[in-house]
Amino acid sequence: MDYANEKKEDSFLTRPVKSVFRILGIQNSVLIGLNLFLFILMSIVVPYFFSPANIEVLFMGFIFEAIMALGMTLVIIAGGIDLSVSAVLPFSAIVVAFFFKANFPVIIAIVLTYIIAAGIGLFNAWMSNTLRVHPFIATLATMLTVRGLALAISNGENVTSDFPKGFSFLGQGKVLGLTFPIFLFIILSIVIGVLLKHHRFFQQVYFIGDNPKSAKLSGIRVEAFMSFIFVLSAVLACTAGILTAARFENASNSYGINSELRVITAVVIGGTSIVKGGTGTIFGTVLGIIFMSIIYNAFVMAGINPYYETIVIGTILLGAVFMVEMFKNKQMKIK
Amino acid sequence: MNEPLLQLEKISKSFAANRVLDSVSLEVERGLCYAVVGENGAGKSTLMKIIGGIYKPDTGKIIFEGKEVNFNNPKDAIYAGISIVHQELSLASNLSVAQNIFCHREVTNALGFIKWKDLYQRANQLFETMGVKIDPRALCGSLSVGIQQIVEIAKALSLDSKIIIMDEPTSALSENEVDHLYQIVATLKERNVAVIFISHKLTEVFRIAEKIIVLRDGKLIGNLETTETNRDDVISMMVGRPITDLFPAKNTSPGEEFFFVEGLTRQGQFADISFSLRRNEILGFAGLVGAGRTETARAIFGADPKDTGTIILDGKKLTIRNPMEAIAEGICYLTEDRKTLGLFLTMKTRFNIIAASLNEFVNKLGFFRFPQIKERSLEYVDLMQIRPFNDDINVINLSGGNQQKVLLAKWLCAEPKVLIVDEPTRGVDIGAKAKIHQDLRQLANKGIGVIVISSELPEVLGLCDRIAVFCEGRITKILENRDLSQTEIMKYAAK
């Protein structure tokens, strides 16, 4: 009963197995190739595209979505979705600004904002775990409510005054030559990426996403873990909100509008399947983020009508989903 | 004397007003294999789920290793040493074999990071003790169902299980894989593990079990030594009456040939399939899993494309490009996998019955004519003896046998000339099996040509008038079913 060797002899079986590995690489390799192609193309078309200044502008243009995409990746792998991030972002910016207005010290204000955001994540988890509301509906409801709350407490106006000194570092300061949000994103993506791949606790997300019932039978506390995931997503959205406020020294209700869709697009282009949980990597998401950053920046730089922007993104999104499906069908055939 | 590993004392369980288990007492000893048999609804699964901690008994005691236990959830049972290998496999397809086996119990360092080398090594050690070789790095989704099942058993073993419960383990396996499973069960017994398995296949029950536990209507009817009983006794205990007519009488004088398939070919699936079907006849498609029988049927039905080949019905050459055209011509195909391909589980029986013949039940504007739908569906519920006698129930709430009857009713309602049924009795109990066999025979007698695809040779032999044997995508022989033996069919099925 040598199943390992049996496969080596049987080319009918080995070929699809190998191609599964190959195609897993293809999704990422195509993205890497596409990103490189765009970089080179843009460097030729626009001379100063590849300048440090523009690279910073390029990544800063999508950095807040990028931070939220890390959490979204985990949510989607677990078989869920979190639409509320786009409301948590402006809400957190406004809340932290209000704490400053009330003369709270920077650290306390930030910690309190995080606690409130985590509460929103817990609320999402509660609706999905206990009330059994589908995450799409639950987080849609949260998105509307929280956006409304932000409008209500700010009276629809920007909160600008009284940002303490030092706070703006979070949006504008430099660490190792990198603007702080970019630096933070790099750290976060490495930490979450490594944990997801190698840490027992984070690995649970794949079991849950693939089959929550059997994950439960294997001793995984599915509900508790989902709560963690939703809280993580909300906390990252809150991070994006605080950084946005620090960057612009202003908290506005207009932040993050439709950003949930941009975030989901980046995650899906990165190869995380929204149809069936259990697949996806942070590496893929990072590639998706880089792609989105280049596209948004390229249209501005090349002075192309921005109406074409979403056409390109839509087409690539379709292509990415198509690749994921193709990969899945290949896998189905061997079963 | 050794005390038994597990003792059940007067276990009862009810769901709402429905008493599913009635005071069942049982003892399980180490190193033996127990087969649990009974009709659908006899309480087999419920009993297993109580042992495995998924349900709690209403009354009764469970004594495991001399201590009374009270499992609150499956986790308790698993950590106590009772694992269930479910019928629907539950491995995460994008993770490796080793990760699935040690799911949530991976070897880690102090910070919780997985030690991959140790993980693979431990998986290999485990496979070694089981006498199998499986690559622990392979992704589970890339493995066949049979190998996935072995991985599930390995997972149970890695949990140090003393009892491993398997729910119809062989229902989706090829013959080769079944043999491997039997060997693994033997290894488990040597390691003093008690194996309990639910099965509808008595042949396999008699082959690997030491003890046979018969349940009927939630009561323990028999606890038998395999060596001291026989097939007929077990069947009559299961159904409460002797079943003499599992297969109806064959047709001795079939009519003229009216349906021809000639030279049907699809690259890589099947080649040069030619056969004819006579009126009032049941033709069997026999062969091993993967011999191309289902693929052929799907191509005839238009569900998959074909490369070449002609199909002639009643003297007319048909061009069938999709299932709709096939149904319109009177060719119907009852799928192998009733849950995913055949039934609309969350819809009412009524709509399932008319699903393949909707056009008959609408007026000129396309609106449903409900009174007619109700009349016709009740007619079929009555004809097929679907229980409960009601067309207003969601199909998901029916038992497997009754679901199969609904599926059959759906195709009868479409008034076929040729009906292809794929594994019509998989996973249904013996009473429903006999009923389905009778129904198929009655259809044949009415003049419908019936083609039965079945992997169970006794069924093919008992039911069909002629048998087309498939092997590696070709028909190797078409045999008249007169005094045929299983060996003779296998001669052509396995090359």
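The structure under discussion appears in the preceding block.
Residues numbered from 1 in each chain as written. Chains lettered and ligands numbered in written order. Predicted model: local features only at pLDDT ≥ 70, side-chain atom pairs only at ≥ 80, totals over all residues. Heavy atoms only, no water.

Asker: Any chance you could explain the interface of chain B and chain A here in plain terms?
Answerer: How big an interface is tends to be expressed through the accessible area that disappears when the partners come together. With 41 residues of chain B in contact, the opposing surface of chain A contributes 33 residues. For the pair chain B and chain A, the two sides together bury roughly 3,300 Å², of which 61% comes from carbon and sulfur. Interface area lost by chain B to chain A is led by Asn94, His104 and Lys133 of chain B, which between them contribute 17%. Applying the counting criterion to the chain B and chain A interface returns seven residue pairs in polar contact (both at pLDDT 80 or more). Contributing elements (two or more residues each) for the side of chain B that touches chain A: α2 (74-80), α3 (97-101), α5 (145-158) and α6 (175-190) of chain B. (Contact = heavy atoms within 4.5 Å. Buried area = accessible area lost by both parts, 1.4 Å probe. Polar contact = N/O pair within 3.5 Å; in protein donor to acceptor, adjacent residues only side chain to side chain. Helix = DSSP H or I, 4+ residues; strand = E, 2+ residues; numbered from the N terminus.)

Asker: How do you make sense of the sheet that holds strand β13 (residues 282-286) of chain B when you look at a structure like this?
Answerer: Strand-to-strand pairing in sheets goes through backbone hydrogen bonds, with the strands running parallel or antiparallel. Residue and element names in this part refer to chain B. Taken together, six strands build an open sheet; the order of strands is β16-β17-β18-β13-β19-β20 and the sheet is mixed. Strand pairing shows two members of the sheet lacking a second neighbour, β16 (331-334) and β20 (474-480), which therefore form its edges. With strand direction ignored, the average angle separating the axes of adjacent strands in the sheet is 20 degrees. As judged from the four bridges shared by β13 and strand β19 (residues 466-471), these two strands associate in the parallel manner. Considered in β19, the bridge of phenylalanine 285 is made with alanine 468. Packed onto the sheet, helix α15 (residues 430-445) meets β13, β17 (418-422) and β18 (449-453) and runs at close to 150 degrees relative to β18. Running over the sheet, helix α17 (residues 486-493) touches β13, β19 and β20 and is turned about 40 degrees from β19. (Pairing = 2+ DSSP bridges. Axes fitted to C-alpha atoms, helices over the stretch in contact; angles between N-to-C directions.)

Asker: Explanation requested: the packing of helix α4 (residues 63-77) of chain A against helix α12 (residues 222-248) of chain A in the structure shown.
Answerer: Packed helix pairs are characterised by how far apart their axes lie and by the angle those axes make with each other. Residue and element names in this part refer to chain A. Here α4 crosses α12 at 180 degrees, and the two axes come no closer than 8 Å. Taken together, α4 and α12 sit at an angle that is classed as roughly antiparallel. Residues Phe64, Ile67, Met68, Leu70, Gly71, Leu74 and Val75 of α4 lie in contact with α12, whose contacting residues are Ile229, Phe230, Leu232, Ser233, Leu236, Ala237, Thr239, Ala240, Leu243, Thr244 and Arg247. (Parallel < 35°, antiparallel > 145°, perpendicular 65-115°, else oblique.)

Asker: What should I look at first to understand the nonpolar core in this one?
Answerer: Soluble globular proteins tend to pack their nonpolar side chains together in the buried interior. Formed by 102 residues in total, the largest nonpolar core has its most connected members in Leu74, Phe167, Leu170, Phe185, Leu196 and Val205 of chain A. Top contributing element to this core by residue count: α12 of chain A, with 14 residues. If we skip the residues at most four places from it in the chain, phenylalanine 167 of chain A touches Val96, Phe100, Val106, Ile110, Ile242, Ala245 and Ala246 of chain A. Of all hydrophobic cores here, the second largest spans 76 residues; its members include Leu264, Ile331, Ala356 and Ala468 of chain B. (Core = buried A, V, L, I, M, F, W, Y, C linked by side-chain atoms within 4.5 Å. Buried < 20%, exposed > 50% of the residue type's maximum accessible area, 1.4 Å probe, protein only.)

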